[in-house]
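Residues per chain, in single letters:
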Amino acid sequence: RPLTPASIKGKVMSSEEPSSSPPLLYDVLGSASAGIISRIVTHPLDTAKARLQAPVTFTGGRPNATFRGPLDALVRTYRHEGFRALYGGFGAVIVGGTPGTVVYLTSYAAFRDSISSTILNWRGGNATISCSGENTEPKLSHGEEFAVHFMSGMLAEAVTCIIYVPVDVVKERMQVQRNLNDASGDYLSSQGASQNRNYEGSWDALRRIARTEGIRGIYKGYAATLASFGPFSALYFMFYERCKAWSSEFVHRQSQNMNARDNGSTARAKDGDLPLLHLIACSAGAGALASWLTSPLDMAKLRLQVQRGQAAAAVSKSNTASHRTVQYRGMLGCLRAAYSDGGIRGLFRGAGARVVHFVPATTITMTCYEKFRFFYADVLS
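Scoring rules and cut-offs
- Residues numbered from 1 in each chain as written.
- Predicted model: local features only at pLDDT ≥ 70, side-chain atom pairs only at ≥ 80, totals over all residues.
- Heavy atoms only, no water.
- Helix = DSSP H or I, 4+ residues; strand = E, 2+ residues; numbered from the N terminus.
- Buried < 20%, exposed > 50% of the residue type's maximum accessible area, 1.4 Å probe, protein only.
- Contact = heavy atoms within 4.5 Å.
- Areas by Shrake-Rupley, 256 points an atom, 1.4 Å probe, with all protein chains shown as cover.
- Salt bridge = Lys/Arg side-chain N within 4 Å of Asp/Glu carboxyl O.
- Polar contact = N/O pair within 3.5 Å; in protein donor to acceptor, adjacent residues only side chain to side chain.
- Core = buried A, V, L, I, M, F, W, Y, C linked by side-chain atoms within 4.5 Å.
- 1 Å grid on protein atoms, 1.4 Å probe; cavity = no way out; pocket = protein on both sides within 12 Å on 5 of 7 lines; lining within 4 Å.
- Points joined across faces, edges and corners; volume = space filled by probe spheres on them.
- Nonpolar A, V, L, I, M, F, W, Y, C, P; charged D, E, K, R; others polar.
- Phe/Tyr/Trp six-rings, centres within 6.5 Å; stacked < 30°, edge-to-face > 60°.
- pLDDT = per-residue confidence, 0-100.

**Q** Please give an account of the overall build of the protein that cites residues and values.
**A** Looking only at helices and strands, one finds 12 helices and 4 strands in the protein. By the burial criterion, 49% of the 381 residues in the protein qualify as buried. The long-range fraction of contacts in the protein, counting pairs at least 24 apart against all pairs at least 6 apart in sequence, stands at 81%. A total accessible area of about 18600 Å² is found for the protein, and carbon and sulfur atoms account for 61% of it.

Spelled out as structure tokens, the structure:
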């Protein structure tokens, strides 16, 4: 459905609704609730994805234990390292990721509304009265909609990465550290594992990273993170908003057919009023397509972060400058190395696990967000 000034907010406040609680509050509460619920459910899948995408390490000339797929990663991680390993870095995700989700979703809405209004004002479009007496407001074309959603997703990610980058660095280093014997490459016992870990928890990881690499070290991954998640966000919201428009049109046509005999008029469904199955299908489809297309970028970003962590850990343990060979030099170098090692399949290593993680993550997040903000609007008003 083409965007209009009245529809770009997702919910239009009528004159009868009290203004004591601003619409922004509903978005903040809805996005916070959605982020927490989504993280709790999907964090083990994110851990499996991280371990599949992490570079293969070698001990004694042979590769350490690798995983055959997402399920194998989940089962073997739980069997050898316990439930806690599946939620490695979860503390950082909840403490930093929740406000990150709030900033992400609210800034996307703000950018979307602002860019849409700018385009409409630039065109000088004014509301007109149609022959049927309806107020016809200026609309964005489908091409303009795609551009608005794409740019808004990129800009929202650029802002949110200020919060997400430290969270992502801590989370992924916690997720990929494994209880492996330095000599044999086999899994250690629980007692030996505790002595072999680089980090004991999210706070310990953040403290050590800040001490050994500094604040600049934490934000070295900003460009790589934005290069990975920026295109994902842009593509996701472009697909998601288009799917919601199709769903709204479908629901509208159904309502018109049902009310045709009564000569009744029906309004298009607002985002939160779309049937639950429609919201789930829109978010799942958009999440699957966007996450698969951007999987090589995510793999490159993770390997660069892990490489920095391994170099810092080597320096910390030896107390001397590290002479570790730098395997990857930037995103492009990492992508070239992955392609050289495994071709297209190497570029999309862990893509299945990424899709398996992002489909439920985006589905739960966006569905809860759409429903919770309307729930809070009803409750607080």
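**Q** Residues and numbers for the pattern of salt bridges, please.
**A** Throughout the structure, instances matching the rule amount to 19 salt bridges. The shortest N-O distance in the salt bridge between Asp 27 and Arg 373 comes to 3.4 Å. One end of the pair, Asp 27, is in helix H1 (residues 23–53); the other, Arg 373, is in helix H12 (residues 351–380), and 346 residues separate them in sequence. Here the two residues Asp 27 and Arg 373 agree in accessibility, since each one is buried. Note that Lys 301 and Asp 168 form a salt bridge whose closest N and O atoms lie 2.8 Å from each other. Of this pair, Lys 301 sits in helix H10 (residues 295–318) while Asp 168 sits in helix H5 (residues 142–176), and the two are 133 residues apart along the sequence. By sharing partners, the salt bridges in this structure join Asp 27, Arg 112, Asp 113, Glu 241, Lys 244, Glu 370 and Arg 373 into a single network.

**Q** Outline the side chain of Lys 301, supporting the account with residue identities and numerical values.
**A** By relative accessible area, which is 0% here, Lys 301 ends up buried. Among the polar contacts made by the side chain of Lys 301, one reaches the side chain of Asp 168 at a distance of 2.8 Å. Excluding anything up to four places from it in sequence, Lys 301 contacts Asp 168, Glu 172, Ala 224, Thr 225, Ser 228, Phe 229 and Met 331.

**Q** Got a sec to walk through the nonpolar core? Specific residues and values, please.
**A** Counting 24 residues, the largest nonpolar core has Tyr 236, Phe 237, Tyr 240 and Met 366 as the members making the most contacts within it. Counting residues per element, this core draws most heavily on helix H8 (residues 222–259), which supplies 9 residues. Apart from the residues lying within four places of it in its own chain, the contact partners of Tyr 240 are Leu 279, Cys 282, Ser 283, Ala 286, Met 366 and Glu 370.

**Q** A description of empty space enclosed by the protein should follow, citing residues and the corresponding values.
**A** Scanning the entire structure with this criterion turns up 3 cavities of 30 Å³ or more. In this structure, the largest cavity encloses a volume near 540 Å³. In terms of lining, the largest cavity is formed by 28 residues, of which the most central are Arg 39, Tyr 164, Phe 229, His 357 and Phe 358. The set of elements that each furnish at least two residues to the lining of the largest cavity consists of H1, helix H4 (90–123), H5, H8 and H12. Of the residues contributing to the lining of the largest cavity, the split by class is 12 nonpolar, 8 polar and 8 charged.

**Q** So what about the packing of aromatic side chains? Which residues, and what values?
**A** Two descriptors summarise a pair of aromatic rings, namely the distance from one centre to the other and the angle between the planes of the rings. A full pass over the atoms with the stated rule returns 13 aromatic pairs. Each ring, one from Phe 232 and one from Phe 358, has its centre 4.7 Å from the other, and the planes form 50 degrees; the classification is tilted. Taken together, the residues span a long stretch of sequence, with Phe 232 in helix H8 and Phe 358 in helix H12 at a distance of 126 residues. Residue Phe 232 is classed as buried on the basis of its relative accessible area, which comes to 5%. Using a relative accessible area of 9% as the deciding quantity, one classes Phe 358 as buried. Ring plane angle 25 degrees and centroid distance 4.8 Å describe the contact between Trp 292 and Phe 348, whose orientation is recorded as stacked.

**Q** How would you explain the confidence of the model for the protein if you had to name every residue and give the values?
**A** Across the protein, the average pLDDT comes to 78, with 75% of residues at 70 or higher. No element of the protein has a lower mean pLDDT than strand E3 (residues 128–129), at 46, and none a higher one than helix H9 (residues 276–293), at 93. Scored below 50 in pLDDT, residues 127–133 shows 10 contacts in the model against residues more than four places distant or in partner chains. Low pLDDT, under 50, characterises residues 180–185; the stretch is placed with 17 contacts to residues that sit more than four places away or in other chains.

**Q** I'd love a proper account of the environment of Cys 282, names of residues and values included.
**A** Residue position: Cys 282 is located in helix H9. Exposure remark for Cys 282: the relative accessible area of 3% places this residue in the buried category. The spatial distance from the C-alpha of Cys 282 to the C-alpha of Tyr 240 is 5.7 Å, given a sequence separation of 42 residues. Sequence-distant contacts of Cys 282, defined by excluding residues within four places in its chain, comprise Tyr 240, Cys 243, Lys 244 and Ser 247.

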